[in-house]
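Commentary on secondary and tertiary structure
In case you want the letters, here they are:
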Protein chains: 2
Amino acid sequence: MSGMKITSFSVHDIRFPTNVTGDGTDAMNKECDYSAAYIVIKTSGELQGQGMTFTIGRGNEICCFAIEQVAKRIVGMDVETIFGDMGAFFEFLTMDPQHRWLGPEKGVIALATAAVSNAIWDMMAKSRKKPLWKLICDFTPEEFVKCCAWKYISDAITKEEALELLRAKESGKKAREEEVIKRGYPAYTTSAGWLGYSDEKVKRLVLEGLAEGFNHFKLKVGADPEDDLRRGLLIRSLIDDPANRPKDKVIDPKTIAGKNASATGCVLMVDANQVWDVPQAIEYMKKLEPIKPWFIEEPTAPDDCVGHAAIRKALKPYGIGVATGEHSHNRMNFKQLLQLDAIDVCQIDSCRTSGVNEILTILLMAAKFGVPVCPHSGGVGLCEYTIHLSLIDYIAVSGDMDRNVLEFVDHLHENFLYPCSINADGRYNVPLNPNEGYSIEMYPKSMEEFAFPNGAYWVKAARGGAATEAQHRLAGQAVH
Amino acid sequence: MSGMKITSFSVHDIRFPTNVTGDGTDAMNKECDYSAAYIVIKTSGELQGQGMTFTIGRGNEICCFAIEQVAKRIVGMDVETIFGDMGAFFEFLTMDPQHRWLGPEKGVIALATAAVSNAIWDMMAKSRKKPLWKLICDFTPEEFVKCCAWKYISDAITKEEALELLRAKESGKKAREEEVIKRGYPAYTTSAGWLGYSDEKVKRLVLEGLAEGFNHFKLKVGADPEDDLRRGLLIRSLIDDPANRPKDKVIDPKTIAGKNASATGCVLMVDANQVWDVPQAIEYMKKLEPIKPWFIEEPTAPDDCVGHAAIRKALKPYGIGVATGEHSHNRMNFKQLLQLDAIDVCQIDSCRTSGVNEILTILLMAAKFGVPVCPHSGGVGLCEYTIHLSLIDYIAVSGDMDRNVLEFVDHLHENFLYPCSINADGRYNVPLNPNEGYSIEMYPKSMEEFAFPNGAYWVKAARGGAATEAQHRLAGQAVH
């Protein structure tokens, strides 16, 4: 592949009409069409890279436009030179003074950089005939550290500390890889707990989840405390009842330690999607003490590390932890959350920070601070991405998957060539196809049908054909 | 004006070729063409609003594209309904779930929102026949508070506290307005201290600054400590020498209290433009103790409130303060800087947070925490904008301009209908034209000549006509 160059790229605005059913809402995001700002990077050889960032509809075109501007800078570059120093490539993308001015390292320019960076990682993994997680887990500690984003975080972790941490995990990597391939990676479901659902529907979905082997459930809260308490108690009554728990689904006690689990081994989490100010969050959550959640997710603005620390401290006597990160925009934000003891769970997002390199850095910081990583997932493409990140965390970085649990939502996977999947114990299967890269390649048919605004679906919808087959297929699919 | 609607808008990518001279560089931004992503909002009447956000070149087209998407949402709205509740309008702009996803409230979507929001404020001020500062200073405390951005900050300041603070300043407003109109608002110059300048040029520019009445000078640092120390000592030797200080320029001792001023009343500041990690910043700045700077500006990543707090604490024994804010993306970031005692000086930017409403909130928080506000300025249009913000701070909020000082750079003002200006004491004149709004209206000729890429200047430059008249005019103009 010597001399192979990046020759061109195409950017695609792909939107799935998840808004049509009217459900799938949380306290902040009341309407949304799950969307991908998607890039295909082409080379002078056969090799291609696919990458995307995720939005919830309008604004996806801004990300697409920004992706074009970022990608222009890499056309003509030598592919193996990029692969030879992915850390330098990340710096090339993020430290360009003029593009950096638009963030720095946050918002649209970071979302766009993530799409491009993820596509290059996808390309590298495919060129090495390994899924992304395997490519990175096979790195030596030195190679791993060379790929990370190091600027601005040395007061939290140094390269030397990272090397030490990775070296300590080297000898166990093979065994952990074998174990997770056999057992799968722990997952949880948000399917049951949307704000708009009737009690009847919540009940049905919780029972289905239990039957499928899930033992972690998430409830959206924040619109009305009485309502949340009632729905929370309903879910608790279902998951606490041994009769509802299949006998053949075994729960390792380690996986529920410190999570306010019931005797049946089931765990409840709640998610406010940033609706509260800090004092509001504290008062509201005290009222939800009876439902014993493991954590409150996104209680306030994602930037507010000081606020999260205050909430965590105030809720500690009530046995309620704090989780955030899906809207944390970069490693500096995660650094502060960790330095201030603001979180019990670190919820990285695969599309929001500037790509895999920065994620690796955050995994290292979380491991050093002893905080479990439970990535944000769902949407479109996020589950495909995040299983790779959780595997890297388990096999190469933290060495622990008992504390962790990766969000799973069963929708839109049919659009991907290598969709993620869940085993009979309610755990993620490990992606193993040597051609799948970062697992984000979409079927051309899906890309065409849902291209916005000129794909077949949207043209039909614009003509008033709202309740199409596609919409029926998507009914009940929702925002995370 | 009853019934007047917003009917349309135009967006303009305007770039000034400030990069051609090769100077005007700092440790982070080594190339830049000062650029405006500019919007003109039109109504069904005569009234128009002008607004812009600022970038340093490439990427300006992303902001322009985003401004179009944000502005689309306001076409058809009733003008007086907007003016009647500017707080609700700000919420309409920033709390749209789909656009919010792209930040939230940061990066390109915030830069674009600032341009649109600023244009509406400009429009409102023009409709009331007052410059923006006067419009807002004439608000009652209740009207002022109604315009602010309140979400996510009640752990730092409540509406009630803000009302109390504003009411306490009511009786002195008239006297302060008269005083500042008479004396002007304190300014400082960054013109002398660019990294790329020879010692000879630095010396000439410092002496010129002293002659013009300036007594605050800023030096860019961060490339090499030996070099910075030498240049800093050179500047100190010039500003500390009474012979260089014009006898007729009187300095009020209050304006230099706590600023490491020399016996001549001159103050030196240094600016690193985010080049360091936290431990690096501390070590580097200890070496610059001999030049006795008032503060180090932007020592590290703008998001890192914890890091700034650590740097401030470490440098306190050396008598060096910390300033930041020009890249702080929203009120939550400023809130944390204040809560963590991380800054001695709060450097708001007129284009980076989501517009005037959010600035008002930050002014209130800074006043409550007792931190002086010294806006970031320079670039293109920033000085025109920021004098309004400093006047609001002085007249209506903090009631203090002795501690403050507003950045001034003498370039690109000729492109504006109502350019800012400096009086004989080196202080900003107060904008007084009842038609100038937020003072950001550009001459059509400038907008045409520097439109990118099809304006006359850029067409000529693309044909190889690099050293045009415009470039010569711009020679020596630089990045802030």
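Looking up chain A in an unreviewed UniProt entry gives the name Putative mandelate racemase/muconate lactonizing enzyme, with the organism given as Kockovaella imperatae. Among the UniProt annotations of chain A, the heading Cofactor (unreviewed entry) holds the following wording: "Mg(2+)".

With 63 residues of chain B at the interface, the matching set in chain A holds 63 residues. At the boundary of chain B with chain A, total buried surface from both sides reaches about 5,400 Å², with 57% on carbon and sulfur atoms. Contact with chain A buries area across many residues of chain B, yet R58(B), Q98(B) and W101(B) alone supply 17% of it, more than any other trio. Across the chain B-chain A interface, the total number found is six salt bridges. Across the pair R58(A) and D96(B) runs a salt bridge whose closest N-O atoms are separated by 2.8 Å. Joining chain B to chain A, the criterion identifies 35 residue pairs in polar contact (both at pLDDT 80 or more). With six residues, the top contributor of residues to the side of chain B that touches chain A is helix 1 (residues 60-72) of chain B.

Before going further, it helps to spend a moment on the relation of the copies chain B and chain A. If you rotate chain B by 180 degrees and push it 0.0 Å along the axis, it lands on chain A with an RMSD of 0.0 Å. Both chain copies can therefore be described as sitting about a two-fold axis. Among all residues of chain B, the minimum C-alpha distance to the rotation axis is found for G107(B), at 2.1 Å. When you check the interface residues of chain B against chain A, 100% turn up at the interface there too, and the contact is symmetric in its surfaces.

When two helices pack together, their arrangement is given by the angle between the helix axes and by the axis-to-axis distance. All names here are of chain B. For the pair helix 3 (residues 86-94) and helix 5 (residues 107-127), the least separation of the axes is 11 Å and the interaxial angle reads 160 degrees. Of the possible angle classes, the one that applies to helix 3 and helix 5 is roughly antiparallel. The two elements helix 3 and helix 5 meet at a crossing, and its hand is right-handed. In contact with M86, F89, L93 and T94 of helix 3, helix 5 contributes T113, V116, S117, I120, W121 and M124. In terms of residue class, the contact of helix 3 with helix 5 is built from seven nonpolar, three polar and no charged.

One frequent convention defines the size of an interface as the accessible area lost when the parts assemble. All names here are of chain A. According to the domain assignment, chain A contains domain 1 (6-148 + 442-476) and domain 2 (173-428). Between the C-alpha centres of domain 1 and domain 2 the distance comes to 24 Å. Note on domain 1 versus domain 2: buried area summed over both sides is about 4,000 Å², and carbon and sulfur give 65% of it. Counting across the interface, domain 1 meets domain 2 through two salt bridges. One salt bridge connects K134 with E177, and the closest N-O pair in it is separated by 3.0 Å. Our count for the domain 1 to domain 2 interface comes out at 17 residue pairs in polar contact (both at pLDDT 80 or more). Those elements that provide at least two residues to the side of domain 1 that touches domain 2 are strand 2 (35-43), strand 3 (48-55), helix 3 (86-94), helix 5 (108-127), helix 6 (132-137), helix 7 (141-147) and helix 19 (469-474). It is helix 5 that provides the largest number of residues to the side of domain 1 that touches domain 2, a total of seven residues. Partitioned by chemical class, the residues of the side of domain 1 that touches domain 2 number 27 nonpolar, 14 polar and seven charged.

Bringing the sheet that holds strand 3 (residues 48-55) of chain B into the picture now. Sheet strands pair by backbone hydrogen bonding; their relative direction is either parallel or antiparallel. All names here are of chain B. With antiparallel pairing, three strands are arranged side by side in an open sheet as 1-2-3. Every interior strand has two partners, whereas the edge strands, strand 1 (6-15) and strand 3, have only one. Geometrically, the sheet is characterised by an average inter-axis angle of 15 degrees between neighbouring strands, direction not taken into account. Where strand 2 (residues 35-43) meets strand 3, eight bridges bridge the pair, whose relative direction is antiparallel. Paired with A36 across the strands is F54, a residue of strand 3. Strand contacts of helix 1: strand 1, strand 2 and strand 3, with the helix running at about 175 degrees to strand 1, the strand carrying the most contacts.

The next subject is the nonpolar core. Ranked by size, the top nonpolar core spans 289 residues in total, and within it F144(A) and F144(B) carry the most contacts. Counting 11 residues, the second-largest nonpolar core is a separate cluster that includes Y188(A), I251(A), V267(A) and V345(A).

Right, let's talk about the packing of aromatic side chains for a bit. Enumeration according to the criterion identifies 27 aromatic pairs over all chains in this entry. Linked through ring pairs, F16(A), F450(A), F452(A), Y457(A) and W458(A) together constitute an aromatic cluster. It is K201(B) that lies over the ring of Y197(B); its NZ or CZ is 4.2 Å from the centre.

Turning our eyes to something else, we now look at the UniProt feature "domain: Mandelate racemase/muconate lactonizing enzyme C-terminal" (unreviewed entry) in chain A. When the UniProt feature table is mapped onto this chain numbering, "domain: Mandelate racemase/muconate lactonizing enzyme C-terminal" (unreviewed entry) sits at residues 199-318 of chain A. In this annotation, residues 199-318 of chain A is assigned 41% helix and 11% strand; the end-to-end C-alpha distance for the span is 26 Å.

All names here are of chain A. Counted under the stated rule, the structure contains 72 salt bridges over all chains. Of the charged contacts, one joins D240 and R236 as a salt bridge, the two residues approaching to 3.3 Å between their closest N and O atoms. By relative accessible area, R236 is classed as buried at 3%. Between E449 and K445 there is a salt bridge, with the nearest N and O atoms lying 3.8 Å from each other.

Right, let's get into the sheet that holds strand 1 (residues 6-15) of chain A. Residue and element names in this part refer to chain A. Read across the open sheet, the three strands follow the order 1-2-3; overall the sheet is antiparallel. In this open sheet, the two edge strands, each paired with only one partner strand, are strand 1 and strand 3. Taken pair by pair, the neighbouring strands of this sheet meet at an average axis angle of 15 degrees, ignoring direction. As judged from the nine bridges shared by strand 1 and strand 2, these two strands associate in the antiparallel manner. Opposite I14, over in strand 2, you have A36 as the bridge partner.

Residues and elements named next belong to chain B. Within the secondary structure, N357 is located in helix 15 (residues 356-369). Among the polar contacts listed, one links the side chain of N357 to the side chain of S117, at a separation of 3.5 Å. Within polar-contact distance, the side chain of N357 engages the backbone oxygen of C147 at 2.8 Å. If we ignore the near neighbours within four places in the chain, the residues touching N357 are M86, G87, F90, S117, W121, C147, C148 and A149.

Reading guide: rules and limits
Residues numbered from 1 in each chain as written. Chains lettered and ligands numbered in written order. Predicted model: local features only at pLDDT ≥ 70, side-chain atom pairs only at ≥ 80, totals over all residues. Heavy atoms only, no water. UniProt positions renumbered as here; feature names shortened; annotations may be inferred. Contact = heavy atoms within 4.5 Å. Buried area = accessible area lost by both parts, 1.4 Å probe. Salt bridge = Lys/Arg side-chain N within 4 Å of Asp/Glu carboxyl O. Polar contact = N/O pair within 3.5 Å; in protein donor to acceptor, adjacent residues only side chain to side chain. Helix = DSSP H or I, 4+ residues; strand = E, 2+ residues; numbered from the N terminus. Least-squares fit on C-alpha atoms with pLDDT ≥ 70 in both. Axes fitted to C-alpha atoms, helices over the stretch in contact; angles between N-to-C directions. Parallel < 35°, antiparallel > 145°, perpendicular 65-115°, else oblique. Left-handed = near helix turned anticlockwise from the far one by under 90°. Nonpolar A, V, L, I, M, F, W, Y, C, P; charged D, E, K, R; others polar. Domains from an automatic or database assignment. Pairing = 2+ DSSP bridges. Core = buried A, V, L, I, M, F, W, Y, C linked by side-chain atoms within 4.5 Å. Buried < 20%, exposed > 50% of the residue type's maximum accessible area, 1.4 Å probe, protein only. Phe/Tyr/Trp six-rings, centres within 6.5 Å; stacked < 30°, edge-to-face > 60°. Lys NZ or Arg CZ within 6 Å of the ring centre and 35° of its normal.

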